[in-house]
Amino acid sequence: MSVLVGPETRLLVQGLGRDGSFQASRMREYGTNMVAAVHPNRDGQKFEDAVPYFSSVTEAVKETKANTGVIFVPAPFAADAIIEQVDAGLDLVVCISEGVPVQDMIKVNAYVKGSKSRLVGPNCPGLIHPASRAKVGIIPGSIVVPGRVGVVSRSGTLTYEAIAQLVQVGLGQSTCVGIGGDPIHGTTFTDVLALFQDDGETDAIVMIGEIGGVREQLAAEFIQRHVTKPVVAAIAGQTAPPGKRMGHAGAIITGKAGLASEKNRALAEAGVHVVESPAYIGARMKEVLG
Amino acid sequence: MNIHEYQAREILERFGLPVPKAGVASTPAEARAVAEKLGGRVVVKAQVHAGGRGKAGGVKLASSPEEAEQFAAAMLGTNLVTHQTGPQGVPVRKVMVAEATDIADELYLSIIVDGDLGVPVVIASTEGGMDIEEVADKTPEKLFRVAGDPLIGLSPYHARDIAAALGVPASAQRATAALISNLYRVFVENDCSLVEINPLVITRDGGVIALDAKINIEDDALFRHKDLAALYDPEQEDELERRARGSDLAYVKLDGGRVGCMVNGAGLAMATMDITKWAGANPANFLDIGGSAEQERIEEAFRIIVSDSDVEIILVNLFAGIARSDVVAQGIVNAARETGTSLPMVVAMRGTNAEEGRKILSESGLDITAALDLAGAAEVLRDKLAPAGHGKGGSR
């Protein structure tokens, strides 16, 4: 069993411009079963001489039985792409695009909630399942190793950092999920924690949060009630000044709840192993697992 | 993106909100002309992208056009320093001259997006004219919050509830409810990240009026608001932040730091700031060079860091996924040579083409100490910052 992506993943990639094409190549190279490419005006052609192009997602799903979609279209068109993928009935929709307007996401999230699809992102690195070599997104395949630690994170490169730290202490990963740095996103920490708790491949969980919002506190509540597996957490932005946006639109401290110290406290009270420095995520997990 | 009060006032007026009669002036003579046209007492307000203007002398009540002219003359061309600006302040190029309002009561009204609820939320309070963060902190029971809906927006009964919660007099209930509904439309239709009316005023004659207006537009949505994008005023931004914006770099200058940070990814950038603190120094900036960093952007990022006179040491932390380490390394070397900087650097470089990148750096002859990872970078930094030795070539 795997979490969200795995051997059963049949991937559709939407938006094959410069970045999308590069990443689609990396996903195929890693071993992902990419079955369809969606891009305007390339019908009849094939991506890398192997994967058929379609103009419409619905058409692509009908022809290829794709069950997972990943989106690289420019941010102004991302909301439309998500809605198109949801309407086509994909189980999992992963939006990598960065800079999607908040008002778009407000509507899209409401739309996704009434459907059978699950949205991850936007502005996220996506997911990777090393055991089956399935990768949906941009997490470098070269840094992950199969294993039993689940990773869930609001960040991109800090996720890579955490993965590298785990590998350094000899710990592989079950599934890594980047949920994205925007204030309004689909799948939340709590959703992924629930999946990891039920996942037979996952023994322990690394959770990487950031300043801003109260999602980490909600995760802490959930952990206290429902998660029996050990959780190691780090919150980035302890030194960020209030009121300033630190790159990620979600990472702006508004009110006390958004502070790293408040999140750390809530997580520690829920029995989570909180690392004060993000440099010791791997080392702490090693300690916890003995 | 921030806009000026007079621009926000125009937007509110366009959406049917009651605002004071006003005009904008770039010279003292223009200010006088506006005051003459308005007649009676007027308020002269410095137009800057910063709060706390009143206490800083940026808001003055004038009883005659002559006095309005004098106040404008004293403000225009100066830099206004408020608690929200740096010590150098922000330039005053325009003043707004508005009719004076007879105030019976001051209220507070704003709309922001609540990321956790995933919808816009109206925040109202009877404590107008105050610092709202302080109200939230000390008397949270005086804040009234109502969430909108992605589909419905704000229902009229919500607006009536808010007006009632604010305790506005019967004569102003209906106008206040309409104002709240219209403000919600302003927020959604202009892709705002903040609209704030502080104070919202109940006048002596029982009316309601938006006396001050602050609007932030979401940067990511400016592509569909060309008219609003044109309101960008680069002069109101810190010079380095302005340059960074021009190169599409996410940069925030931080006060009191001496370690210049250059990182790819916002989360890793924040984590790098955190380990800097742990190593015993404050970061001088937040800087995310982004995912697919091209060489020119890397060079500009480096130039921005070395232009900051607070920076004594540079910490580069790169975990290349989309970006290529060799390209980043070459950008750093080029910019370091071009600027002739002698600042010491600590560099951690991993991911795509990291080996090539490290080779370029080590062969450059620059004062660069390589670090293995985040923990390694923290340790190297701590050694370098130790008062005993500043490393080779550390002085400048």
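Now for a quick tour of the structure.

## A look at the overall build of chain A
Point 1. Looking only at helices and strands, chain A has 9 helices and 14 strands in total.
Point 2. Expected size for 290 residues packed as a compact globule is a radius of gyration near 19 Å; at 18 Å, chain A falls within 12% of this value.
Point 3. Across its three principal directions, the C-alpha atoms of chain A cover 55 × 40 × 30 Å.
Point 4. Here chain A holds 290 residues, and 62% of them are scored as buried.
Point 5. In chain A, of all internal contacts separated by at least 6 residues, the share reaching a separation of at least 24 is 71%.
Point 6. Only carbon and sulfur atoms are counted for the fraction: they give 52% of the accessible area of chain A, which is about 10200 Å².
Point 7. Put simply, chain A has 26 plus and 28 minus side-chain charges, and the middle of one group is 1 Å from the middle of the other.

## Regarding the interface of chain B and chain A
Point 1. With 47 residues of chain B at the contact, the number on the chain A side is 49 residues.
Point 2. Between chain B and chain A lies a buried interface of about 3700 Å² when both sides are counted; carbon and sulfur atoms form 62% of it.
Point 3. Of all residues in chain B, D116, M270 and F319 of chain B bury the most surface against chain A, accounting for 17% of the area lost on that side.
Point 4. The tally of links between chain B and chain A comes to 4 salt bridges.
Point 5. The tally of links between chain B and chain A comes to 10 residue pairs in polar contact (both at pLDDT 80 or more).
Point 6. Of all the secondary-structure elements, those providing two or more residues to the side of chain B that touches chain A are β8 (119–125), α6 (170–189), β13 (250–253), α9 (266–278), β16 (313–320) and α13 (374–385) of chain B.
Point 7. Ranked by residue count, the leading element in the side of chain B that touches chain A is α9 of chain B, at 10 residues.
Point 8. Per-class residue counts for the side of chain B that touches chain A are 27 nonpolar, 7 polar and 13 charged.

## Considering unusual backbone geometry
Point 1. Cis rather than trans, the peptide bond between G121 of chain A and P122 of chain A has omega equal to 10 degrees.
Point 2. Relative to the helices and strands, P122 of chain A is located in the loop between β7 (118–120) and β8 (126–129).
Point 3. Each neighbour pair has its own omega, and for N198 of chain B with P199 of chain B the value is 10 degrees, a cis peptide bond.
Point 4. The residue P199 of chain B is located in strand β10 (residues 192–203) in this model.
Point 5. At D248 of chain B, a position not held by glycine, the phi torsion is positive, near 65 degrees.
Point 6. Within the fold, D248 of chain B resides in the loop between α8 (239–246) and β13.
Point 7. Look at D248 of chain B and you get exposed, because its relative accessible area is 62%.
Point 8. Its identity as a non-glycine residue notwithstanding, N353 of chain B has a phi of 55 degrees, on the positive side.
Point 9. Mapped onto the fold, N353 of chain B is located in the loop between β17 (345–351) and α12 (354–362).
Point 10. The class for N353 of chain B is partly exposed, based on a relative accessible area of 27%.

## Let's talk about the packing of helix α11 (residues 325–339) of chain B against α12 of chain B
Two packed helices can be described by the angle between their axes and the distance between those axes.
All names here are of chain B.
Point 1. The geometry of α11 relative to α12 is characterised by a closest axis approach of 7 Å and an angle of 15 degrees between their N-to-C directions. Between α11 and α12, the angle falls in the class roughly parallel. Along this stretch, α11 crosses α12, giving a crossing that reads as right-handed. Touching S325, D326, A329, Q330, I332 and V333 of α11 are A354, E356, G357, I360 and L361, all from α12.

## A closer look at the packing of helix α7 (residues 215–226) of chain A against helix α8 (residues 260–269) of chain A
All names here are of chain A.
Point 1. At a minimum axis distance of 8 Å, the contact between α7 and α8 shows a crossing angle of 5 degrees. With respect to each other, α7 and α8 are oriented roughly parallel. Mapping the contact onto sequence places R215, E216, Q217, A220, I223 and Q224 in α7 and E262, K263, A266, L267 and E269 in α8.
Point 2. Of the residues assigned to the contact of α7 with α8, the class counts are 4 nonpolar, 2 polar and 5 charged.

## Some remarks on the environment of S115 of chain A
Point 1. Its location among the elements puts S115 of chain A in the loop between α4 (102–113) and β7.
Point 2. Of the polar contacts made by the side chain of S115 of chain A, one reaches the backbone nitrogen of S117 of chain A; its length is 3.1 Å.

## Some details on the packing of aromatic side chains
Residue and element names in this part refer to chain A.
Point 1. Within this structure, the stated rule accounts for 3 aromatic pairs over all chains.
Point 2. Judged by centre distance (6.5 Å) and plane angle (85 degrees), the rings of F47 and Y53 are edge-to-face.
Point 3. Assessed through its relative accessible area of 6%, F47 is described here as buried.
Point 4. Overall, Y53 belongs to the buried group, its relative accessible area being 8%.
Point 5. The ring of F22 carries the charged tip of R26 above its face, separated from the ring centre by 4.5 Å.
Point 6. The ring of Y30 carries R133 above its face, with NZ or CZ at 4.2 Å from the centroid.

## Considerations on the sheet that holds strand β6 (residues 92–95) of chain A
Residue and element names in this part refer to chain A.
Point 1. The mixed open sheet is built from 7 strands, whose spatial order is β3-β4-β2-β1-β5-β6-β7. Every other strand in the sheet has two partners, leaving β3 (46–47) and β7 as the edge strands with one partner each.
Point 2. Sheet topology places β6 next to β7; 3 bridges connect them, and they run parallel. Considered in β7, the bridge of V93 is made with L119.

## Quick word on the nonpolar core
Point 1. Core analysis: the biggest nonpolar cluster contains 101 residues, and V13, V70, V94, M207, M246 and L267 of chain A have the highest contact counts within it.
Point 2. Those residues in contact with V13 of chain A that sit more than four places away from it in its chain are A24, M27, M34, A36, A37, V38, V70 and F72 of chain A.
Point 3. With 40 residues, the next largest nonpolar core counts M1, I11, F15 and L17 of chain B among its residues.

## Quick word on the sheet that holds strand β3 (residues 59–62) of chain B
All names here are of chain B.
Point 1. With antiparallel pairing, 4 strands are arranged side by side in an open sheet as β1-β6-β2-β3. On the outer flanks of this sheet lie β1 (22–25) and β3, each paired with one strand and no other. Each strand of the sheet is rotated relative to its neighbour by a mean of 20 degrees, with strand direction disregarded.
Point 2. The pairing of strand β2 (residues 42–46) with β3 spans 4 bridges and is classified as antiparallel. Bridging from a neighbouring strand, V42 pairs with A62 of β3.
Point 3. The strands touched by helix α1 (residues 5–14) are β1, β2 and β6 (95–99); relative to β6, the strand with the most contacts, the crossing angle is about 45 degrees.
Point 4. In the packing of helix α3 (residues 65–75) onto the sheet, the strands contacted are β2, β3 and β6, and the crossing angle to β3 comes to about 160 degrees.

## Some words on the pairing of β8 of chain A
Residues and elements named next belong to chain A.
Point 1. On β8, burial covers both faces: G126 and I128 on one face and L127 and H129 on the other are all buried.
Point 2. Sheet topology note: the β8/strand β9 (residues 134–137) ladder contains 4 bridges and is antiparallel. Paired with G126 across the two strands is G137, which belongs to β9.
Point 3. Hairpin connection of β8 to β9: 4 residues between the antiparallel strands, including R133 at a positive phi of 50 degrees.
Point 4. By the bridge criterion, 3 bridges tie β8 to strand β11 (residues 173–178) in an arrangement that is antiparallel. Within the sheet, the bridge partner assigned to L127 lies in β11 and is V177.

Conventions adopted
- Residues numbered from 1 in each chain as written.
- Chains lettered and ligands numbered in written order.
- Predicted model: local features only at pLDDT ≥ 70, side-chain atom pairs only at ≥ 80, totals over all residues.
- Heavy atoms only, no water.
- Helix = DSSP H or I, 4+ residues; strand = E, 2+ residues; numbered from the N terminus.
- Rg over C-alpha atoms; globule rule 2.2 N^0.38 Å.
- Buried < 20%, exposed > 50% of the residue type's maximum accessible area, 1.4 Å probe, protein only.
- Contact = heavy atoms within 4.5 Å.
- Areas by Shrake-Rupley, 256 points an atom, 1.4 Å probe, with all protein chains shown as cover.
- Lys, Arg positive; Asp, Glu negative; His and termini not counted.
- Charge placed at Lys NZ, Arg CZ, Asp CG, Glu CD.
- Buried area = accessible area lost by both parts, 1.4 Å probe.
- Salt bridge = Lys/Arg side-chain N within 4 Å of Asp/Glu carboxyl O.
- Polar contact = N/O pair within 3.5 Å; in protein donor to acceptor, adjacent residues only side chain to side chain.
- Nonpolar A, V, L, I, M, F, W, Y, C, P; charged D, E, K, R; others polar.
- Axes fitted to C-alpha atoms, helices over the stretch in contact; angles between N-to-C directions.
- Parallel < 35°, antiparallel > 145°, perpendicular 65-115°, else oblique.
- Left-handed = near helix turned anticlockwise from the far one by under 90°.
- Phe/Tyr/Trp six-rings, centres within 6.5 Å; stacked < 30°, edge-to-face > 60°.
- Lys NZ or Arg CZ within 6 Å of the ring centre and 35° of its normal.
- Pairing = 2+ DSSP bridges.
- Core = buried A, V, L, I, M, F, W, Y, C linked by side-chain atoms within 4.5 Å.

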